[in-house]
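# Summary of the model geometry
Now for the letters of each chain:
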Amino acid sequence: MSKLLGTKLAALRRKSGLSQKELAARLGLLKLNVSNQAISKWENGLTEPSAEQFLALCRVLEVDDISAYFNGGGILRGLNDAGAGKVREYADILRASGLFEREEPEKARRTLPLYALAVSAGTGEYLDGSSFERVEVDDSIPDSAKYGVRVAGDSMEPRYHSGETVWIRPQETLLPNEIGVFVYNGSAYLKQLHLSADGIALHSLNPAYADIKISSFAELKVLGKAVT
């Protein structure tokens, strides 16, 4: 970054009444991890912010016309402070009217497979990899979730109830006490993984159900981890 550009950033910061530490904190609210030392280097022309950091600086420091302020171009070109103020006032009037709002692009819908055959929280049911429908999900479903399963039975109550959808992140291993989907002896289960001196068991949260102890002669397959 040139010395002139750094000087302009410093002037904007001071005009906003912010210290370098306070500016760094404001950038942190925009999920940018920036130190006050980094801001000092920018202002002294020693280093350059990334494009993302620069745009965030302009947002925090309320730069309406980036081109006009930093290189003399843009809609405010050639205007003094009073003229620039008139342009901003008129822009505020247009925004307040509600007639000129920019239409935000429609957010792409996110859909995930939801398996039609229930995952048993009790006696075990087969999970058919081809029997599913795609359903739309909202932002409450973690990005790591790749498919959903419906719970059958009450053995995982009070956390999961029969008929509820649980969203799953595919993975082949789980840590002790993590909850996931398992296939054992041809049946699929939603259970908590327990490891002890006695071996491996699929644990139910409902105390009315006994653990399913895994035989050393049978295969236990992990399909994924519950993330909801």
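Here the structure is a predicted model, which is why all the values come from computation and not from measurement.

Here we take up unusual backbone geometry. Of note, the bond from Glu157 into Pro158 is cis; its omega dihedral lies within 30 degrees of zero at 15°. Position of Pro158 relative to the elements: it lies in the loop between β3 (147-152) and β4 (165-170). For Glu62, which is not glycine, the phi torsion reads 60° and is therefore positive. Mapped onto the elements of the fold, Glu62 is located in the loop between α4 (51-60) and α5 (66-71). Judged by relative accessible area, which is 66%, Glu62 ranks as exposed.

Attention now moves to the environment of Leu27. With respect to the helices and strands, the residue Leu27 is situated in helix α2 (residues 20-29). Each C-alpha atom of the pair Leu27 and Glu157 lies 43 Å from the other, and the pair is 130 residues apart in sequence. When neighbours within four sequence positions are excluded, Leu27 is seen to be in contact with Leu32, Val34, Ile39, Trp42, Ala56, Leu57 and Val60.

Within the element layout of this structure, Glu43 appears in helix α3 (residues 36-43). On the basis of relative accessibility, which here comes to 8%, the residue Glu43 falls in the buried class. A polar contact of 2.9 Å, which involves the side chain of Glu43, links it to the side chain of Gln20. Non-local contacts of Glu43, meaning those with residues more than four positions away in its chain, are made with Lys3, Gly6, Thr7, Leu9, Ala10, Arg13 and Gln20.

What counts and how
- Residues numbered from 1 in each chain as written.
- Predicted model: local features only at pLDDT ≥ 70, side-chain atom pairs only at ≥ 80, totals over all residues.
- Heavy atoms only, no water.
- Helix = DSSP H or I, 4+ residues; strand = E, 2+ residues; numbered from the N terminus.
- Buried < 20%, exposed > 50% of the residue type's maximum accessible area, 1.4 Å probe, protein only.
- Contact = heavy atoms within 4.5 Å.
- Polar contact = N/O pair within 3.5 Å; in protein donor to acceptor, adjacent residues only side chain to side chain.

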